[in-house]
Each structure stands twice: as C-alpha cells, then as structure tokens.
Amino acid sequence: MSILSRKDNILNSIDLKIERGSFCKASIFNDNIKVFDTTNKVVAKYFGDKYPKELIKNEVEKITQTLCIKFAPRLISSNIDERWYKEQLIEGNELWPKTWLEVTTIYQDYIFDIVIDIIKSNRIINIDAVDYATKMFKTIVNKAKYSSTVTIKDYNYIVQYSNEILSQINSDYSKNIYLSYVHGDFKFSHIIVEDNNEAKVIDWETYGRRSLLFDFFNPLGPWMIHNISTIDNDMK
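These figures come from a predicted structure and were not determined experimentally.

## Comments concerning the overall build of the protein chain
Counting its secondary structure elements, the protein chain contains eight helices and 12 strands. The buried share among the 236 residues of the protein chain stands at 37%. For the protein chain, the computed accessible surface area is about 14400 Å², with 53% contributed by carbon and sulfur atoms.

As structure tokens, this is what we get:
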C-alpha cells in the first residue's frame, strides 16, 4: 500500500488525498497508520513491517468478535499478510462532559445501555480473585520490564507496589469475581453520538475478558483527573 511507503512524511491528523480521490485524515502511532476515509466511510488501519503478524491477527479477531454488539463498528475486510484491515467509519460528536451533572446524564442516556449490551453479548464466568489479581499484576510488571520508557527506579516501585497489593488480597480476599468480555479502553471520548442521536463506540483493539464492571467505571478515571476542581465545586 503506497501510504505505508510515505508514512515518515505524514504528520498526525493531516489532510491528504489517496487512491480514488478520497478525502482522508491520517493518524500515526508507533509504526502503524490509521486512515479515516470520509468519502467512503471507512477506517483503514495499516501496520508497519516490524509489527508482529500474530498481533495483527489477534486484533482482527477481537474486532470480529464484536459483530454481535450493536454499538460497535462493522469490520469490512482484512488481509493479515498485507498487514491491514478496514472497518466502518463512525462520524458524529464525541462525548466529553464538563460537569458532574453531565456525567450522570451520559451514564443514564448511553453508558448503561452500552455496558449491558456488551455484557449480554458473551458468556460470564467466575474465577478466583487471587489468581486473577496475580495474573493481572504479572502482566503489568512484565510490560514495565520491557518498556523503553520505564526507569529502573520506576520498575522497582511497580514490583514493590504489586507485591504489597497481592499480599493484602491474599490475606483479606478469598471470593470469586465475575469476568466478561469488555471494551477495555472505554471512555467518554470513544463514545460517538451520530446525527440520529444513536451512540456508537470506537477503538475496540483492547476488547477482552476483564472484570464484569470494568467498562462501567473506566470512563470516570480520566475525566476525574482532568476535572477534580469541577467535582469539588459540584459537590459543595
């Protein structure tokens, strides 16, 4: 694909023309490119040569699994060997509440229905909470170990913190927890409200099995960090 050979000359979110005269925007992240084709209503993701094919295959499989979720975009086509896939372009307005009242309104109008639909689309399982937490922290520690941005000091702190939390869980918690397939990166900016006032959710690359209520609480974290003063004023 010609756009890959020109990726070093493309900046984040610039306007460009590609084959068939389509009007597009491109976003670059790591060694990969997402092209938003507003003419043909398609999002095409192209993976760089260094990106493992197994991860491309896993990502396509995750998006294929969301076909039963009415809030997810449709997968249009894919080619693992050529390192790309295309899905439906969702156009509309992102949701980013400015007040705590707007947060509660978005939950009532959209998030409750979205989370319930995602949970209902797959089988719920229950597992031992300690085993689940152990695996999660092991994943976090391994990612930190091989990250080029994590210092030795930061890594040692992550290991210490993980061990302390696991020790507390082992001593105080013995119940099972319920897991379901969830979006995994669910936040306000990933909810797009179309012109007909129907909501869609974008960016399903992190779709996988996590705590049943993961998606329900996940939008609050980033919003609360950016709006702590707003929360204080609303609560007064």
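## So, unusual backbone geometry
Phi is positive for Lys41, close to 60°, though the residue is something other than glycine. Position of Lys41 among the secondary structure elements: in the loop between strand 3 (32-37) and strand 4 (42-46). The phi dihedral of Arg83 is positive, around 70°, even though this residue is not glycine. Counting through the fold element by element, Arg83 comes out in the loop between strand 5 (75-79) and strand 6 (84-88). When its relative accessible area of 10% is taken as the criterion, Arg83 is described as buried.

## Here's the deal with the pairing of strand 6
As defined by bridge partners, strand 4 adjoins strand 6 across five bridges and the pair is classed as antiparallel. If you follow Val43 over to strand 6, its bridge partner there is Glu87. The pairing of strand 5 with strand 6 spans four bridges and is classified as antiparallel. Considered in strand 6, the bridge of Asn79 is made with Trp84. Between strand 5 and strand 6, which follow one another and run antiparallel, lie four residues, and Arg83 among them has a positive phi close to 70°.

## Overview of the sheet that holds strand 12 (residues 208-211)
One open sheet holds the three strands; their spatial order is 8-9-12, and the pairing between them is antiparallel. Since the sheet does not close on itself, it has two edges, and those belong to strand 8 (125-128) and strand 12, each with one partner. Strand after strand, the sheet turns through a mean of 45° between neighbouring axes, direction not considered. Pairing between strand 8 and strand 9 (residues 176-182): four bridges, direction antiparallel. Bridged to Asn126 within strand 9 is Tyr178.

How each quantity is defined
- Residues numbered from 1 in each chain as written.
- Predicted model: local features only at pLDDT ≥ 70, side-chain atom pairs only at ≥ 80, totals over all residues.
- Heavy atoms only, no water.
- Helix = DSSP H or I, 4+ residues; strand = E, 2+ residues; numbered from the N terminus.
- Buried < 20%, exposed > 50% of the residue type's maximum accessible area, 1.4 Å probe, protein only.
- Areas by Shrake-Rupley, 256 points an atom, 1.4 Å probe, with all protein chains shown as cover.
- Pairing = 2+ DSSP bridges.
- Axes fitted to C-alpha atoms, helices over the stretch in contact; angles between N-to-C directions.

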